[in-house]
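Single-letter residue listing:
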Amino acid sequence: MKAMTVAGRDVVARRSAWRRSISVLACAGALLGAGAAQAQEPDSGAPTDADIVVTGTLLRGVAPVGTNVVGVSEADVLASGAASANDLLASIPQIGNFGSVPSAALGNYANPIVRPNIRNLGNSGGSTTLVLVNGHRLVGAGILQTSVDPSVIPPDVIKRVDVIPDGGSSIYGSDAIGGVINFITRDRYDGVGVNARYGFADNYQTLDASIIAGKDWGSGSLFVSYAYAWHDDLIGLDRDYSSADQTARGGGDFRSTTCPQANILIGGIPFATPGLVPGTINRCDQTDYATIYPREERHSVYAGLTQDLSDSIRFNLSAYWSQRDTEHRSPQSGHSGTITALNPFFRSVGGELFHDVAFSFDDVFGPYNVTPARFSSYGVTPSFEFELGGGWQLRALANFGRSENESTENTINSAAAKAALESMNPAAALNPYNLSATSPAVLAAIDDFVNYGEATQELAEGRFVLDGPVTRLPGGDVRLAVGAEYHYENIRSFTGSGPKDAIVGANAYDARNVKSLFGELLVPVFGADNRIPGFYSLEISGSIRYDDYSDV
């Protein structure tokens with residue numbers, strides 16, 4: 001597939017066997033007047049503004065031309081009191097799917113994490129918003145999907161967050177068509193810092209704490225941060241607004257008829273047990289024990305090292321590990337089917353030899369099922385910066401990450417329930433009118449069933465970027481950046497269902513590699529040295545990227 005991006009607009013043409021994309025962006029930016037935005041004050045001993053690469057460009061010390069970078073500063077991070085990176089993203093309006101509070105990551109196959117989505121672009125939006133840490137990718141999480149989990153980043157290591165709500169494919173690749181979120185972490189820390197917070201609401205509690213310790217010795221720094229977070233879950237019973245019966249508000253009644261008290265259907269006429277009055281129906285609200293916000297416990301560790309190896313070589317290393325355990329509740333499973341007079345527990349209502357019956361297993365298995373899930377990941381990113389003289393610099397980066405994901409959904413064995421409902425043997429038959437009268441062995445066989453999924457994902461990449469001044473114009477230095485990147489990722493998954501000790505399913509494997517070449521040019525027409533009335537600054541910028549995908 002070939003994709004060309006010109007001034008933020010993507011035109012796509014398909015190509016069999018391979019996908020190759022070429023992204024081109026040309027922009028001009030002008031600033032009129034007599035004021036300019038000030039760069040953020042760097043940390044003591046940190047690189048100067050001229051050494052910083054801002055999100056949206058490959059060039060050091062310049063802002064991306066024609067792109068509005070939405071920034072959340074370190075002061076904003078501290079003021080927000082965010083317990084996780086997801087909480088922090090909820091404060092950024094451009095990330096459309098978060099709203100005023102973080103979305104719920106249910107910890108199941110389909111929704112294991114909160115996927116940031118700039119402008120809420122619909123079903124494709126989650127995969128077209130690129131999430132970075134210090135300009136590089138993170139390994140994905142999930143069982144039936146792969147997407148970065150922002151919550152792996154402890155809040156106390158975040159220096160700022162840059163959000164580019166415009167397409168960034170010419171700089172970062174086709175996965176940045178919807179925009180870019182870049183978490184910039186601190187590179188130095190000296191001392192010890194401790195934070196803790198406890199919160200509560202009706203039927204809800206939350207606790208988070210973190211500690212960071214580091215040493216700055218001038219030519220380098222080392223720090224380690226650990227963060228712990230836990231919060232209780234919320235279910236439908238905890239909040240009045242969660243109800244399937246909306247008749248009091250002018251809506252409909254959407255309560256279930258598959259309830260602990262069985263419903264019998266004969267010739268289209270319902271009979272509610274135990275009264276068996278024609279036309280009566282037992283109803284139950286399955287939102288009562290459905291999770292609104294799942295229980296979660298999270299451990300996160302992040303470490304950073306920077307060291308000047310000489311006057312012209314700097315080494316940086318970052319590493320993280322995170323483990324997140326979630327617990328999601330769902331209403332207890334139910335069953336519906338036909339019971340005949342051959343079942344020894346059959347109760348005829350009016351002389352019929354069979355009827356349909358619907359019931360749930362609340363009375364014998366409890367009012368809800370629990371789906372526990374665990375998501376863990378780690379990553380290591382070493383990099384070097386080489387000062388080559390004349391303002392030129394070579395940056396080399398390697399990046400590796402791995403995630404392990406597991407989810408177990410407890411439910412019932414529908415086939416075993418159907419067989420028991422049809423059984424003629426009292427020791428093997430199911431009594432739908434009084435489930436507790438059923439043999440414990442039969443109930444155990446029905447209850448022993450799970451939907452299970454696990455997946456391992458891996459990421460490996462290497463990147464080289466060379467940038468510096470090409471020549472000087474009256475408006476300033478013409479700057480050029482060129483580079484190459486190799487990106488590899490895979491996912492190995494297993495999904496299946498069955499009794500806990502006899503799960504039957506299938507394995508799946510997918511992998512891709514992407515080879516990339518890219519470049520960026522900045523031409524300052526007006527700048528500090530040749531400003532004239534009406535033109536404070538005028539810059540022209542162009543970037544191009546070529547991606548070769550192995551799998552599409």
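Residues numbered from 1 in each chain as written. Predicted model: local features only at pLDDT ≥ 70, side-chain atom pairs only at ≥ 80, totals over all residues. Heavy atoms only, no water.

(A) Spatial organisation of the overall build of the chain. Of the regular secondary structure elements, the chain holds seven helices and 26 strands. Put simply, the chain has 552 residues, and 47% of those count as buried. (Helix = DSSP H or I, 4+ residues; strand = E, 2+ residues; numbered from the N terminus. Buried < 20%, exposed > 50% of the residue type's maximum accessible area, 1.4 Å probe, protein only.)

(B) Region of the structure containing the sheet that holds strand E6 (residues 136-137). Here five strands make up an open sheet; going across it, the order is E4-E7-E8-E5-E6 and the pairing mixed. With partners counted over all chains shown, the strands left at the sheet margins are strand E4 (70-72) and E6, one partner each. The sheet contact formed by strand E5 (residues 129-133) and strand E8 (residues 179-185) spans five bridges and is parallel. Residue pairing for E8: Leu130 is matched across the bridge by Val180. (Pairing = 2+ DSSP bridges.)

(C) Quick peek at helix H7 (residues 440-447). Within H7 the residues assigned to the buried category are Val442, Leu443 and Ile446. Relative to the axis of H7, the buried residues are bounded by an arc of 95° and lie together on one face. Along H7, the residues that are exposed and aim more than 90 degrees away from the buried face are Pro440 and Ala441. (Arc of directions from axis to C-beta.)

(D) Examining the confidence of the model for the chain more closely. On average, the chain scores 85 in pLDDT, and the residues at 70 or more come to 86%. Every residue in residues 33-45 scores below 50 in pLDDT, and together they form 17 contacts with partners more than four places removed in sequence or on other chains. Here residues 98-103 scores under 50 on pLDDT; set against residues more than four positions off or in separate chains, the count is 17 contacts. (pLDDT = per-residue confidence, 0-100. Contact = heavy atoms within 4.5 Å.)

(E) Quick look at the sheet that holds strand E13 (residues 263-266). Strand order across the open sheet formed by five strands is E15-E14-E13-E20-E19, with antiparallel pairing between neighbours. Unpaired on one side and paired on the other, strand E15 (277-278) and strand E19 (334-340) mark the two borders of the sheet. Sheet contacts for helix H6 (residues 414-422): E19 and strand E20 (354-360); angle to E19, the most-contacted strand, approximately 25°. (Axes fitted to C-alpha atoms, helices over the stretch in contact; angles between N-to-C directions.)

(F) Expanded view of the packing of aromatic side chains. Under the criterion given, the structure shown has 10 aromatic pairs. Judged by centre distance (6.4 Å) and plane angle (20°), the ring pair of Phe223 and Tyr302 falls under stacked. Of the two residues, Phe223 is situated in strand E11 (residues 220-231) and Tyr302 in strand E17 (residues 295-308); the sequence distance between them amounts to 79 residues. Both residues of the pair, Phe223 and Tyr302, belong to the buried class. Taking the centre distance of 5.9 Å and the plane angle of 20° together, the rings of Phe384 and Phe386 count as stacked. Classification of Phe384 as partly exposed rests on a relative accessible area of 30%. Overall, Phe386 belongs to the partly exposed group, its relative accessible area being 26%. Here Arg329 stacks its cationic end above the ring of Tyr368, 4.5 Å away from the centre of that ring. Lying over the aromatic face of Tyr536, Arg531 brings its terminal NZ or CZ to 3.7 Å of the ring centre. (Phe/Tyr/Trp six-rings, centres within 6.5 Å; stacked < 30°, edge-to-face > 60°. Lys NZ or Arg CZ within 6 Å of the ring centre and 35° of its normal.)

(G) Molecular detail of a nonpolar patch on the surface. A surface patch of nonpolar side chains, about 370 Å² in accessible area, is lined by Val192, Val194, Ile211 and Tyr226. Mapping Val192 onto the fold places it in strand E9 (residues 191-201). When its relative accessible area of 62% is taken as the criterion, Val192 is described as exposed. (Patch = residues over 30% accessible without salt bridge, like charges linked within 9 Å, V, L, I, M, F, W, Y side chains within 5 Å. Areas by Shrake-Rupley, 256 points an atom, 1.4 Å probe, with all protein chains shown as cover. Salt bridge = Lys/Arg side-chain N within 4 Å of Asp/Glu carboxyl O.)

(H) H6, seen in detail. All buried positions along H6 are accounted for by Ala417, Ala420 and Leu421. Down the axis of H6, the buried side of the element spans an arc of 100°, and every buried residue falls inside it. On its buried side, H6 packs onto E19, E20 and H7. Where H6 begins, one side-chain oxygen reaches toward the backbone nitrogen of Ala415, 3.2 Å away; that side chain belongs to Asn413. (Polar contact = N/O pair within 3.5 Å; in protein donor to acceptor, adjacent residues only side chain to side chain.)

(I) Region of interest: the nonpolar core. Ile153, Ile158, Val161 and Phe183 are the most contacted members of the largest nonpolar core, which totals 28 residues. Membership of the second largest hydrophobic core comes to 19 residues, among which are Ile264, Ile339, Phe365 and Val442. (Core = buried A, V, L, I, M, F, W, Y, C linked by side-chain atoms within 4.5 Å.)

(J) Broad picture of the pairing of strand E10 (residues 204-216). Of the two faces of E10, the one holding Tyr204, Thr206, Asp208, Ser210, Ile212, Gly214 and Asp216 is buried and the one holding Gln205, Leu207, Ala209, Ile211, Ala213 and Lys215 is not buried anywhere. Inspection of the sheet shows E9 paired to E10 by 11 bridges, in the antiparallel sense. In the strand pairing of E10, Val192 is matched with Ala213. The turn joining E10 and E11, which pair antiparallel and follow one another in sequence, is formed by three residues; a positive phi near 90° is taken by Gly218.

(K) Examining the packing of H6 against H7 more closely. Relative to each other, H6 and H7 sit at 150°, their axes nearing to 7 Å. Judged by the inter-axis angle, H6 sits roughly antiparallel to H7. Of H7, the residues touching H6 (which contributes Ala416, Ala417 and Ala420) are Val442, Ala445 and Ile446. A class-by-class count of the residues in the contact of H6 with H7 yields six nonpolar, no polar and no charged. (Parallel < 35°, antiparallel > 145°, perpendicular 65-115°, else oblique. Nonpolar A, V, L, I, M, F, W, Y, C, P; charged D, E, K, R; others polar.)

(L) Just the pairing of strand E7 (residues 158-164), in detail. In terms of burial, E7 is a largely internal element, seven of the seven residues being buried. Inspection of the sheet shows E4 paired to E7 by three bridges, in the antiparallel sense. Looking at the pairing, Val70 lines up with Val163 of E7. As defined by bridge partners, E7 adjoins E8 across six bridges and the pair is classed as antiparallel. Counterpart to Ile164 in the pairing with E8 is Val180.

(M) Focus on the pattern of salt bridges. Per the counting criterion, the structure on display carries 30 salt bridges. Glu485 is the partner of Arg545 in a salt bridge, and the nearest nitrogen-oxygen pair spans 2.8 Å. A residue pair is termed long-range when its members are at least 10 positions apart, and Arg545 in strand E26 (residues 537-549) and Glu485 in strand E24 (residues 476-498) qualify at 60 residues. Exposure remark for Arg545: the relative accessible area of 4% places this residue in the buried category. The exposure class of Glu485 is buried, given its relative accessible area of 7%. Taken together, the salt bridges that share partners define one network made up of Arg137, Asp175, Arg463, Glu485, Arg545 and Asp547.

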